[in-house]
Amino acid sequence: MSDPRPPKSPRKGKYVNIRIVFLNDTVHVFQVPIKGTGALLWDAVVNHLQLLETDYFDLEYTNHHGDECWLEKDKTVLKQLGGPDVPLRFCVKFYTPDPGLLEDELTRFLFALQVRKDLLRGELRCSENTASLLASYVVQAEIGDFDCDEYGDPTYLTVFKFVPEHLQNHEFMAKVMDYHRQHIGESPSEADLNLLDTARKVELYGIKMWSAKGVLCSSLKHNNHTSTWAKVRTSFKQQEFLSTTRDNSKYQSFFSSSIHSIFFKDAKCPAFSALSGFFSLTPSSVSAPRRKGR
């Protein structure tokens, strides 16, 4: 995932440079035609990473309203971004229920990087004990076994950023240190697998929260109702979002006009449709890897 400078365009003005930030925080510049579509750019990204299990990932950007949007494959890149200066982010789009079962080693590694980011941004909401355990697997993967002689106190962890700054205090770091000393002998790949196995058990794993006004079907602490995606049907009409399950249970939420402009226009509507469609697929419908390791 290096960041080589792109070659100069053979015909000035016909190509544009697009920056993409990857999960390891490296930035790569891709050169695409001015009228190039999202599919063309995505193919270049997949080739750059040599990614096999492509269905779980996508490219995300922040539009001028501040909304996080997925790059649409059938539309031109520049029309969606509004200009070449808007960076794109490569990230996990669909969180598989058990990422440890993913066949390709690169895919599992990318999922582990995504979990790290979610934890750091406060998007993976969990208890302090769970967060410190997750952080300890990050340490094990990065620096290896705990050394009693070298690591006398948690100060050796100050080079890491695990959780939002206000949560990463001395008590938290001490817990990370205690867990780290329990992982002696784990290889980086084993630590990543343990990270994924712990993360998938968090109640809100893979769930992105959006602000909304109206009737709520679930709270932050407990899921009041669960159903498989295959049984869920969603529809949008003006400011009404209707979700219906096959057992005829209905949950309705009505949103104010201010939320309507964020929730139902280009930013969020396609996201709900994509989620429902992806998780309704049979396993054979998802792109299968051609290798089991690197």
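Provided above is the structure to which this section pertains.
Residues numbered from 1 in each chain as written. Predicted model: local features only at pLDDT ≥ 70, side-chain atom pairs only at ≥ 80, totals over all residues. Heavy atoms only, no water.

Draft legend 1. Inspection of the pattern of salt bridges at higher detail. Within the structure shown, the criterion is met by 14 salt bridges. Among the ionic pairs, arginine 89 bridges to glutamate 60, the shortest N-O distance being 3.3 Å. Here arginine 89 is found in strand β5 (residues 88-92), whereas its partner glutamate 60 is found in strand β3 (residues 57-62), with 29 residues between them in sequence. When its relative accessible area of 22% is taken as the criterion, arginine 89 is described as partly exposed. (Salt bridge = Lys/Arg side-chain N within 4 Å of Asp/Glu carboxyl O. Helix = DSSP H or I, 4+ residues; strand = E, 2+ residues; numbered from the N terminus. Buried < 20%, exposed > 50% of the residue type's maximum accessible area, 1.4 Å probe, protein only.)

Draft legend 2. A negative patch on the surface, seen in detail. A contiguous patch of negative charge on the surface is contributed by Asp145, Asp147, Asp149 and Glu150. By the secondary structure assignment, aspartate 147 is in the loop between α4 (128-143) and α5 (170-180). (Patch = residues over 30% accessible without salt bridge, like charges linked within 9 Å, V, L, I, M, F, W, Y side chains within 5 Å. Areas by Shrake-Rupley, 256 points an atom, 1.4 Å probe, with all protein chains shown as cover. Lys, Arg positive; Asp, Glu negative; His and termini not counted. Charge placed at Lys NZ, Arg CZ, Asp CG, Glu CD.)

Draft legend 3. Representation of the pairing of β5 within the structure. Judged by how many residues are buried, β5 sits mostly within the fold: 4 of 5 residues are covered. Across 2 bridges, strand β1 (residues 15-21) lies against β5 in parallel orientation. Counterpart to isoleucine 20 in the pairing with β5 is leucine 88. As paired strands, β3 and β5 are joined by 4 bridges and run antiparallel to one another. Across the sheet, residue glutamate 60 finds its bridge partner in β5, namely arginine 89. (Pairing = 2+ DSSP bridges.)

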